[in-house]
Amino acid sequence: MMMRRTRVQVCKKQGEDDLDVGADNLSSEPEEESEEEEDEWQPQSKAKEKKAKPAVKKASKPRVPKQKAPRKTAEKKQRAPRTKKQNLALAEEVKVKEERLSFPAADGLCNDTKQLGSTGDREDKTTAGQGTEQKGEPVPPLGYPSEEPSSSHHLPRMKKEEPPEEDYTFNEPAMKKIKTGDCPQGKPVKHHVQRKGQVEDLQMNWDIVKVLSEMTVVEEWVCANIVSLFNEENTIPFIVRYRKEMINHMDADAVRDVQLVLEELRHVAKKAHSITQTLKKEGVLSSSLEEVVRNCKTTDELDHVYAPYKKGSKLSKARRARELGLEPAVMTLLQNPQALDLHSWVKPQTEGLSTLAEVETGVQQILADMIAKDKQTLEFVRGVCDQSAITIHSTVSKAALKEKEQKDATAGKPKDIDKFQLYCDFTANVKRVQHHQILAINRGENLKILTVKVNIPDRVKSEFCRWCVNVRWRPSGYAREEHMKILRDAVEDSYKRLILPLLCRGYRSSLTVSAEKESIAMFVRNLRQRLLVCPVRGRVILGVDPGFRHGCKLAVLSPTSQILQTDVVYLHSGGGFREAEKLKQLMIKHNCYTVVIGNGTACRETEAFFADLISKRFFEPLDVHYCITNEAGASIYSVSQEAVKEMPNLDPNLRSAVSIGRRVQDPLAELVKIDPKHIGIGTYQHDVSQTLLKAALDSVVQECVSFVGVDINICSETLMRHVAGLNAGRAKSIVEWREKNGPFINREQLKQVKGLGPKTFQQCAGFIRINPENLKNVHSDQAGGAIEGQQATTAGKTVKKKSKGPGSSSPLPNPLDQTCIHPESYDVTQRFLQMIGGHIEEIGQVAMRQRIEGSVQRDGLEILAQKLNTTVGTLQIIIDGLTQPQGFDIRQDFEEPDFKRGIVSMSDLKTGTVLTGKVENTTLFGAFVDIGVGRSGLIHKKYITENKLPADKRRRSLALGPGERVEVRVLNVDIQRGRIGLDLIRVLR
C-alpha cells in the first residue's frame, strides 16, 4: 500500500510539472512550445486521449484564444489519477524517462523532464518494437506495472547519460531526432560533414584510412587528408590546385583513383550495415556472424557470407544442421573430442538425426561452413594461391559450336566466332594476362561464345587440407579415427564446395575490376589530350562535313566562331569544276584559307579533291591548307536540344559542319557540348562499368575546363556548368544574373547569385576569370554613378540593367580576378607585392617578372613563404598568376592541329620509311597514328618504352595520347587488310 501511494505521488508531481511549465521556464520557452509538449504526452493514456478530445471541441466552438486551450486540458489532466490503470501508466513513464536521462538532483525533475518530454514516449515505442524481434526479452505494454521498484527511490544515484556516440553502434538502429540540451527549441542540429564518414568507419573492424592506404599504396597521412577533403565536399580541381601540400602534390588522376577506392570501401561499409540489420530482423544474427561481416573488405566477401541467408535462396546445409541443434557437437569435437559421443545425438523420429550417418553429415556440414568463413583460413589459402601458378582459360562454348553447325537452319544472324579466334583456346597466367585480353574474354562470355574458367593447381588443395587438419582446426585433445575422418571430410568439402568457387570468383572479379580501371584511365587520358588541343584563334574557318549522295556541307565561321555563311556542294557527283568555282568564290569572299574536313564518310575523296586544287594553286591569291579532324559525335550533337537552342534556324546537317569547324577553333568549348562517350576515344567502351566511366569522364571534363579557366562574362552556359563547384542549375542562375544586371565586375559579385553559397564560391572562384577588356564600356558609366538605365553588353545581348538601390556602392574591378590566384590568397598577394615593391597594375608585364625573379633568386621560395606565413604551393600559384600575361591559356603548350597541302597513299609506303604523324587514339594495346595515307598505323605497346618518351611524358597522366606529334618507322604494310605496323622513334616538340 505504501508503494502504491509513492507511485501516485510521483504521478501527481509529474503531471503538475508538465502543466506548470510557464512557472519554471517562462523566459526560455513560449507557451506554444508547452502546448506542443502536452500534446506529445496525451497519447500515453487511452483514458486521457478520450477525455481530451471533447475538451478541444468545446474550446473551438466559442473560438477561445489558443492560450486557453492548454488550461482546459490541464484541468482534465489533474483528474487523471482517479483510475488505478492511469496511475500505473504514468509511473511506468517516469521510470523509463529516469532510465534514459540524468538529473543533478531530485528538485531538477521538473525542468529536465519538460525539456525532454517526448523522449520517453519515443523510447518506449522503439523498445517495444525491438522486443518483438529479440527472443526472451518481451517488453511489457504501456501502462503495465513494472516488476522493479519505483524509480523515485533512486533519483540521487542515477548514472550520467551516455555520450551521443553510442547512437552509432553497429547493432542498434539510429536514434530518432529528440530534443536535447544542445537544441532546446527543438530544432535539429546540423552535424559536421565528416560525421557521415565517421559513422561508416565505426561499423567495421578495420580503419578506412589504413585500408585505403594499403589498397592505393599512398601514405596514410595523405589518405587521411584526402578523406577529410572529400568529406568537406571539395572538388578534385580545387584540391589539386589549391591544396597541394595536403595531398603531397598528387595529380588529378591519382586523387581520382583514391576517391574511387574510398567510395568502394564506403559502399562495403554501408552494405555490411544493411546486411547486419537484415540478419538481426530475421533473428539469425549471432556474435560470430556479426564479426565475420565486420571483417569483410570487399563486396565479394560480403556476398559470400550473406548468400545462405538471402531471401528466396535454399536453406544451406549448415543452417539446416544448426537448426537440428548439432552445433554443440561441433564445438565438442574441436574443444573436447574425448567427451563426444555422436550416438547420443541420434533421434530416430527426427529427420536428419535418425541415423549416425546423418548426424556425422550434419556435423561435417557445420564444420565446413565454419572453415569457409574463418578469416585466418581464407588468408592462408589466398597466400598459398599467390605463390602458385593460377591461370585463366577460355574455350568456345558448346552452345556456340552447336549454333555454328546449325547456322544454316537457325533463324537470325549467327554468332561471329571468328572475331574471338584468338581466345578459342586461350590460357594465360592471372599475373601476366593483359587488360584488353580480359575485356575481350568477358565480352565473348557475355555473348555466350566463350566459356571461361580459372584453374587452381592441386597443390593448393593439398597444402590447404594439410594445414587445416594439422594446425588451424586440429582438435584440442585426442580424437578418435572416426572423428578425424569427419574433420578431414569437412575440410575437403569446404574447399571443393565453398572456398574454391570463392577463389575463382575473386580472381575473375579482381581481373575485371583491374581491366576496367585501366580502360577507364585510358579513356580519361585520351579525353584530356583531346580537350586540351591548342585552339586555332584569329582565323576564318571553313568547316566541311563530307558526303557523297547528300553532298558536302559547308560552314564559314568567323574568328569568334560566329556563323558567316552555310552552303552545300556536290564534289563527287560529276560537277566538280562548277562546285570548285563555288568554293573559290566563297573562300575569297570571307578571306578563308583554312579548311577543316571531318573524318567521316567520303573524307578520303574530299581530302583528295582539296589537295588536287591546292597543288594546282586554284585558290590563289589565298594560300589554302587543310586538316582532318575527328567528327565523332557531331551528328548526335546536331539533333540535340543544345544545338537546336543554339542554332534554331539551321538544318541539322549544316549544324554538323559548324561543329566540325569549331572543334579546331576552340576544342574545349565545343567538345563539352557532347557526351564524352560519343567523342570516339578509348576501346571496350561498352564492356566497362558505365557508371564509373561516366563519373571519370565527367570529372576529367570538369578538370580541363577548370584548369583552363572561363571568362564569366562571355562563356556559354554549357561550358560554365563544367566549372568545379558549379552545375546546370547554378550556371543557369549565373547567366540569368548576368542578363539582368550586366557583366560581372569582380569575383565577389558571384556571392550575389542565387544558389551560390560560401562553399560553391570557394570551389569555383579560382577558376573563373574576369577579363578587363570586356568591362571597358562599363567602367566609364560606373565612374559617373549612372547605374540605373545602364546598357550592358553580355554575350551579344543588350539588356537594361536595374538599379540596386539608392544606398548601394558601385563595385570596383580587381586586377587579380583575371589570374589563377584564389580570392582566399588575395591578402597574401598584396603583402607579397609590398615585399617586392610591385604594383597590382603591372600584372603580366616584364617589370613584374623581373622583380619576382630577383626576389626568388635572392631569398628562395621557402623563405619567402615563411615570411608571408603561407605554403610554398600557394606562393607558387601567386607567382604564376602575377607573371602570366593577360589572356594566358595553358593550352598553348599543347599541340595544334596538323595542317597539310598534299596526301600520300598506302602504296607509297615501304618498310623502314621514317615519317611524322599525329596520334589519333590510344588503346590498351597500342596507339593509332595518322601518317597521312588515309589509314592509321598502329604502334604496339611493346614499342612505346620510357626511353622513347620525354621525361615529363613518363607520368601516367601525361602518357602518349591524342594530339601528340611523333616520329615513326614503318615496320610492315598489309594493303589487303589495310594494316600498317609502326615503331615509335621519338615524340616531337
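Just so it is clear, the model here is predicted, and its values are computed rather than measured. One numbering rule holds for all chains: residues counted from 1, following each sequence as written. Given that this is a predicted model, residues contribute local features only at a pLDDT of at least 70 and side-chain atom pairs are listed and counted only at 80 or more, while totals for whole chains, interfaces and linings are drawn from all residues. Hydrogens and water are ignored here; the side-chain numbers use all heavy atoms of the structure.

(A) Quick look at the overall build of the chain. In terms of regular secondary structure, the chain is built from 38 helices and 17 strands. The buried share of the chain, taken over its 989 residues, is 47%. Every residue pair with non-hydrogen atoms within 4.5 Å of one another is taken to be in contact. In the chain, 71% of the contacts between residues at least 6 apart in sequence involve partners at least 24 apart. Carbon and sulfur atoms make up 50% of the accessible area of the chain, which amounts to about 51500 Å² in all. For helices the rule is a DSSP run of H or I covering at least 4 residues; for strands it is a run of E covering at least 2, with both sets numbered from the N terminus onward. With a 1.4 Å probe rolled over the protein chains alone, any residue whose accessible area is under 20% of its type maximum counts as buried; one over 50% counts as exposed, and the rest are partly exposed. Surface accessibility in these figures is a Shrake-Rupley result with a 1.4 Å probe; residues are shielded only by whichever protein chains are displayed.

(B) Region of interest: the pairing of strand β15 (residues 936-940). On β15, burial follows the alternation: Gly-937 and Ile-939 on one face are buried, whereas Ser-936, Leu-938 and His-940 on the facing-out side are not. DSSP-based pairing: two strands are paired if at least 2 bridges between them are found. Where strand β14 (residues 926-930) and β15 come together, five bridges link them in antiparallel fashion. Counted as the bridge partner of Gly-926 is His-940 from β15. Taken together, the two bridges between β15 and strand β17 (residues 979-987) define a ladder with parallel strand orientation. By the bridge assignment, Leu-938 is partnered in β17 with Gly-981.

(C) Fine view of the environment of Val-524. Mapped onto the elements of the fold, Val-524 is located in helix α23 (residues 481-531). Judged by relative accessible area, which is 3%, Val-524 ranks as buried. In sequence terms Val-524 and Leu-693 are 169 residues apart; their C-alpha atoms lie 8.8 Å from each other. With residues near it in sequence (within four places) discarded, Val-524 still touches Asp-253, Arg-256, Ala-696, Leu-697 and Val-700.

(D) Local environment of the nonpolar core. Nonpolar core, defined: a set of buried Ala, Val, Leu, Ile, Met, Phe, Trp, Tyr and Cys residues in which side-chain atoms within 4.5 Å join the residues together. Core analysis: the largest hydrophobic core is formed by 157 residues, its most contacted members being Leu-367, Ile-456, Phe-464 and Ile-734. It is α23 that provides the largest number of residues to this core, a total of 19 residues. Those residues within four positions of Ile-456 in sequence are excluded, and the remaining contacts are Cys-385, Ile-390, Tyr-495, Leu-500, Leu-503 and Cys-504. By size, the runner-up hydrophobic cluster in this structure holds 27 residues, among which are Val-540, Val-569, Cys-603 and Leu-613.

(E) Looking closely at helix α35 (residues 826-836). Within the span of α35, buried status applies to Tyr-826, Val-828, Thr-829, Phe-832, Leu-833 and Ile-836. The buried residues of α35 occupy an angular sector of 155 degrees when projected down its axis, which confines them to one face. Exposed residues pointing more than 90 degrees away from the buried face of α35 are listed as Asp-827 and Gln-834. Contact partners of the buried residues in α35: α36 (846-859), α37 (861-867) and α38 (872-883). When we speak of the arc, we mean the arc of directions from the helix axis to the C-beta atoms.

(F) Structural detail: helix α25 (residues 603-615). The end-to-end C-alpha distance of α25 is 18 Å, a good match for the 18 Å that 13 residues give at a rise of 1.5 Å each. Immediately downstream of α25, the backbone of Arg-617 shows phi near 55 degrees, a positive value. By this rule the span expected of a helix is its residue count minus one, scaled by 1.5 Å.

(G) Region of interest: the sheet that holds strand β13 (residues 914-922). Here five strands make up a closed barrel; going around it, the order is β13-β14-β15-β17-β16 and the pairing mixed. Geometrically, the sheet is characterised by an average inter-axis angle of 55 degrees between neighbouring strands, direction not taken into account. Relative to β14, β13 is paired through four bridges, and the arrangement is antiparallel. Paired with Val-919 across the bridge in β14 is Val-929. Every axis in this analysis is a line fitted to C-alpha atoms, fitted for helices over the stretch in contact. Angles between the N-to-C directions lie between 0 and 180 degrees.

(H) Quick peek at the pairing of β13. As paired strands, β13 and strand β16 (residues 965-974) are joined by five bridges and run antiparallel to one another. Each residue of the ladder has a partner; that of Leu-915, found in β16, is Val-968. Taken together, β13 and the strand that follows it, β14, pair antiparallel across an intervening segment of three residues.

(I) A look at unusual backbone geometry. Cis geometry marks the peptide bond from Glu-620 to Pro-621, where omega comes out at 15 degrees. Tracing the backbone shows Pro-621 in the loop between α25 and β8 (625-629). With phi around 55 degrees, Asn-869 is a residue other than glycine that occupies positive phi space. With respect to the element layout, Asn-869 can be found in the loop between α37 and α38.

(J) Molecular detail of the pattern of salt bridges. By convention in these notes, a salt bridge is any Lys or Arg side-chain nitrogen within 4 Å of a carboxyl oxygen on Asp or Glu. Taken as a whole and assessed by the stated rule, the structure comprises 43 salt bridges. Linking Arg-617 and Glu-620 is a salt bridge whose minimum nitrogen-to-oxygen distance equals 4.0 Å. Of the residues examined, Arg-617 reaches a relative accessible area of 61% and is grouped as exposed. Note that Asp-827 and Arg-831 form a salt bridge whose closest N and O atoms lie 3.4 Å from each other. Here Arg-831 and Asp-827 lie together in helix α35, a separation of four residues that amounts to about one turn.

(K) Seen up close, the sheet that holds strand β3 (residues 450-455). Reading across from one edge, β2-β1-β3 is the order of the three strands in this open sheet, with antiparallel pairing throughout. Since the sheet does not close on itself, it has two edges, and those belong to β2 (425-429) and β3, each with one partner. Across the sheet, the mean angle from the axis of one strand to that of its neighbour is 15 degrees, orientation sign disregarded. Note: strand β1 (residues 391-396) against β2, five bridges, orientation antiparallel. Bridge assignment links Thr-391 to a residue of β2, and that residue is Asn-429. α23 contacts β1 and β3 of the sheet and is inclined by roughly 115 degrees relative to β3.

(L) Just the packing of α35 against α36, in detail. Packing of α35 against α36 leaves a shortest axis separation of 10 Å and a crossing angle of 85 degrees. Accordingly, the angle class assigned to the pair α35 and α36 is roughly perpendicular. On α36, the residues that touch Phe-832, Leu-833 and Ile-836 of α35 are Met-848, Arg-851, Ile-852 and Ser-855. In this scheme, roughly parallel covers angles under 35 degrees and roughly antiparallel covers those over 145, while 65 to 115 is roughly perpendicular and the rest are oblique.

(M) A look at the side chain of His-483. Note on placement: His-483 falls in helix α23. Non-local contacts of His-483, meaning those with residues more than four positions away in its chain, are made with Leu-333, Pro-337, Leu-340 and Leu-342.

(N) Structural detail: the side chain of Ser-558. One can find Ser-558 in the loop between β5 (552-557) and β6 (563-569). Given a relative accessible area of 9%, Ser-558 falls into the buried group. When sequence neighbours within four positions are dropped, the list of residues in contact with Ser-558 reads Arg-539, Leu-564 and Gln-665.

(O) How the structure looks around the packing of helix α13 (residues 252-282) against α23. With their axes 12 Å apart at the nearest point, α13 and α23 run at an angle of 145 degrees to one another. As α13 runs across α23, the sense of the crossing is right-handed. Side by side, α13 and α23 meet where Asp-253, Arg-256, Val-261 and Glu-264 of the first sit next to Lys-517, Val-524 and Arg-528 of the second. For the contact of α13 with α23, the per-class residue count stands at two nonpolar, no polar and five charged. Handedness of a crossing follows from how the near helix is turned relative to the far one, being left-handed for an anticlockwise turn of less than a right angle and right-handed for a clockwise one. Here the term charged refers only to Asp, Glu, Lys and Arg, the term nonpolar to Ala, Val, Leu, Ile, Met, Phe, Trp, Tyr, Cys and Pro, and the term polar to all other amino acids, Gly among them.

(P) Representation of the packing of aromatic side chains within the structure. Aromatic pairing here means that ring centres of Phe, Tyr or Trp (its six-membered ring) are within 6.5 Å. Orientation follows from the plane angle: under 30 degrees is stacked, over 60 is edge-to-face, and everything else is tilted. Applying the stated rule across the entire model yields 11 aromatic pairs. Seen in terms of ring centroids, Phe-609 and Phe-610 are 6.3 Å apart; in terms of plane orientation they differ by 80 degrees. Their pairing is edge-to-face. The exposure classification of Phe-609 matches that of Phe-610, with both residues buried. For the ring pair Phe-618 and Phe-619, a centre distance of 5.5 Å and an interplane angle of 85 degrees mean the geometry is edge-to-face. The same class applies to Phe-618 as to Phe-619, namely buried. Aromatic rings pair up to connect Phe-238, Tyr-242, Phe-707 and Phe-767 into one cluster.

As far as function goes, none of this settles anything; it's purely spatial.
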